[in-house]
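# Tertiary structure, described
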Amino acid sequence: MICPKLEPTKSRFAALLLAVLFLAVLLLWAAPYASSQANEGELQLYVTDPAGLPAKVSVSIVCQANQFAATLATTAQGRLIAQRLPFGTYLVEIKQQGFAEISQSIAIRSAIPVAQTILLKLASVHESVIVDRTATLLDTEQAGSVDQIGAEQIQNRPDSLPGRSLQDLVNAQPGWLYEGNAVLHPRGSEYQTQFVIDGIPLTDNRSPSLGPEIEADDVQSMSVYTAGIPAEYGRKMGGVIEVNTLQNQQPGFHGQAVFSGGSFATAATSAQGQFVWGKNTLGASGSGSRTSHYLNPVVPQNYTNAGTQADFAAHYARDFTAADQLGISLRHELARYDIPNEMLQQAAAQRQTSDNFETMGIASYQHTHSAHAATDLRAMGRDNSNDFNSNPHSTPIEVFQHNSIREGYFKAAFTFSHGIHEWKTGAESDNTWLHENLHYQITDPTQFDPGTAPSFAFTGQRPDLEQSVYLQDLIHSKLWTANLGLRWDHYQLLRNRQALEPRLAVSRYFPVANLVAHFAYDRVFQTPSFENILLSSSTEVASISPSNFLRLPVVPSHGDYYEAGFTEVFASHLRLGMNYFRRNLHDFADDNQLANTTISFPISLRKAIIYGAEGTLQLPDWRHVSGFASYSYSLGNAWYPVTGGLFLGSNATTVPSQLTGHFPVSQDQRHTLRTRLRYQAFPRLWVAGGLQFDSGLPFQFEGDQATALAEYGQAILDRINFDRGRIKPTTLISASAGSEIYKSDHLKMTLQVDGQNLNNVLNVIDFGGLFSGNAIGPSRSFSMRLVTSF
């Protein structure tokens, strides 16, 4: 084993960590006002009868723009708290026997809770404010464009293979597409997706091959950003996905159990429950699944592709007072799976396996000081490990790897509102200790350049220290809304870099047209992916190929995002959103893969320009029909030379010679279409159909077609256009049906059947090239899902 020199040392790391903690304490002492990182608010209702006594009633809360619909009950004290509501206008309805119907709209525009008292009136006194639900279809005060995924869409989604239920929901949004093993790529970005889980940002790769899944059945809502990104988010800026896993507090015990199974010997189960008593809330969830189609195989035969995964989560919250809340959560996840073989590897009896383990704990504290100020503190500790193993028959190389990270994260934030302004400021510190351990043994030297070392071993560790401070002002002024922000980021791993990032999102509402026009500008500073970054930057790696070796330091990328568009509601029930975007990036982040394994290295190119247009048409509910259609046009090019990364063998010779010119980025799919239409045929039966069209990703193939034929087979080559350097277009058809098979006051059971890729197209997502390997999507498949809610 070879151990690189560690700078900074562990003692310096400890000193820096103590300094960060000291600054955090100082921040809390000096300025004890903060707010949550997510753009979510809270509604506190107090319902009384005509005599002013507390009323126990059911309350319906709806916002079609945010795909939010929930029916919650007040306590015996007449109180109800609806938490984690995405900003927007909500319709609150109360229909209680003996009282007049109440229908009232309430705007949630701040992380500071909104308190509202509702007085019921006797039925003989007919006084109510009637607000049509379609009035909530357009958010007239949203500064930028945000895609919302609500509980109903999550619940009625088409079933997914284990490991990708959350990713499939995001992939249906405009501007997003898959590459490789369900790796999400927003608007042409590579490995720059950030998941924000209950207010905690996770910036590592969360695809099935590198990160255990958070099961979608454990998720209540999601918000997706690709532009107009608030200054509180940074570091990974291709796209930001806010994920809320916490349920609203309802007295008593409530929960859900899910059983599903289908093609590819897939079986899964999950359960969750929450018990609320007094000021305490205790929740837990767990899931487990297995399949013979875990990753995307490299050939249609789907060789060696079994996988299993499981997760467990628990959450405890206590409301010490109406203004003080404490939350503690724990999550443990694991995944074990095979690495798919191509034809020659299968003939040689290769078996390569991998596993992921993650344990994460989160603590949060919120304090509401007044109707105009609130505090939010959050901390997270996490251990994550990835292993890769090979048997002696592996060809052309045996690879063994054990990588792990240990992360400590802390955030303090502040919200203060005055007049038309809502100020938000905060600071965060993210300290991650990287550990890498890899060794290999070449089993077929003919597949490598002469002089390549037959074996190699590496061990390294180093801290990744990142800090940030941000300030933003959300302004509501009549028909105008603006979100102005400034963020400072500091990154210290292989290089010491810092940056200032101004952000701007502004919109105007035009009542006559029922239209909101918006413009956004984001200055971004994006830290490199840390998968195998110590190995690719080490001096020892030169011994792999001393005569054909190139190592360049990988630095953060930076750039400018622009978006302009509008959202309009017409015919009362249809919402149309259109956006034009452009991204100019320097030191554009990409990756280089090792021998068709999951081992990859970050690389960078001089610059990239990505631009395009997106459109979404949504029909929330009209005469029992609902659905959406989204279309994306995108064009992206990257420019030589390569400015960072590790290159071995012949690549080390060709890469330095490419000093000029450009080529399509690997996510340059020109046309992407997603549609789904649902019809409620009967009160307890619905049917749905969907279509997906992908015009095909580009590829760079350096081998000969005879070798490709031997490795992948003729069926794969028939789906490749070698003259254009692109995969041929693909159209996939899906269908679903669901039925509410039982319903009572305390129990509901639904059954859903899904069919995917019904036209059974060979869905080639990626084709082997310079920076990527093959990936084949699932063939025709069917699944069944039983959900029991109580």
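Residues numbered from 1 in each chain as written. Predicted model: local features only at pLDDT ≥ 70, side-chain atom pairs only at ≥ 80, totals over all residues. Heavy atoms only, no water.

So, about the confidence of the model for the protein. Summing up the model confidence of the protein, the mean pLDDT is 87 and the portion of residues at 70 or higher is 92%. A low-confidence stretch, residues 1-35 (pLDDT under 50), is modelled with 60 contacts involving residues beyond four sequence positions or located in other chains. (pLDDT = per-residue confidence, 0-100. Contact = heavy atoms within 4.5 Å.)

Now for the environment of R487. Summarising the element assignment, R487 is placed in strand β25 (residues 480-492). Separated by 14 residues in the primary sequence, R487 and E501 place their C-alpha atoms 5.0 Å from one another. Only 3.0 Å separates the side chain of R487 from the backbone oxygen of A231, close enough to count as a polar contact. Of note is the side chain of R487, whose polar atom sits 2.6 Å from the side chain of E428. (Helix = DSSP H or I, 4+ residues; strand = E, 2+ residues; numbered from the N terminus. Polar contact = N/O pair within 3.5 Å; in protein donor to acceptor, adjacent residues only side chain to side chain.)

Further remarks concern the side chain of T74. Relative to the assigned elements, T74 resides in the loop between β3 (68-73) and β4 (79-86). Within the local environment of T74, its side chain forms a polar contact with the backbone oxygen of A55, the two atoms lying 2.9 Å apart.

Read from one edge to the other, the open sheet built from 3 strands follows the order β4-β1-β7, with strand pairing classed as mixed. Sheet topology places β4 and β7 (114-119) at the edges, where each strand pairs with a single neighbour. The average angle at which neighbouring strand axes cross in this sheet is 20°, direction not considered. Across 6 bridges, the pairing between strand β1 (residues 40-48) and β4 is antiparallel. Counted as the bridge partner of L45 is L80 from β4. (Pairing = 2+ DSSP bridges. Axes fitted to C-alpha atoms, helices over the stretch in contact; angles between N-to-C directions.)

Those residues of helix α7 (residues 705-712) not exposed but buried are A708, E711 and Y712. Along the axis of α7, the buried residues cluster in a sector spanning 75°; they form a single face. On its buried face, α7 sits against α4 (343-347) and α8 (714-717). Positive phi appears at G713, one or two residues downstream of α7, with a value of about 95°. (Buried < 20%, exposed > 50% of the residue type's maximum accessible area, 1.4 Å probe, protein only. Arc of directions from axis to C-beta.)

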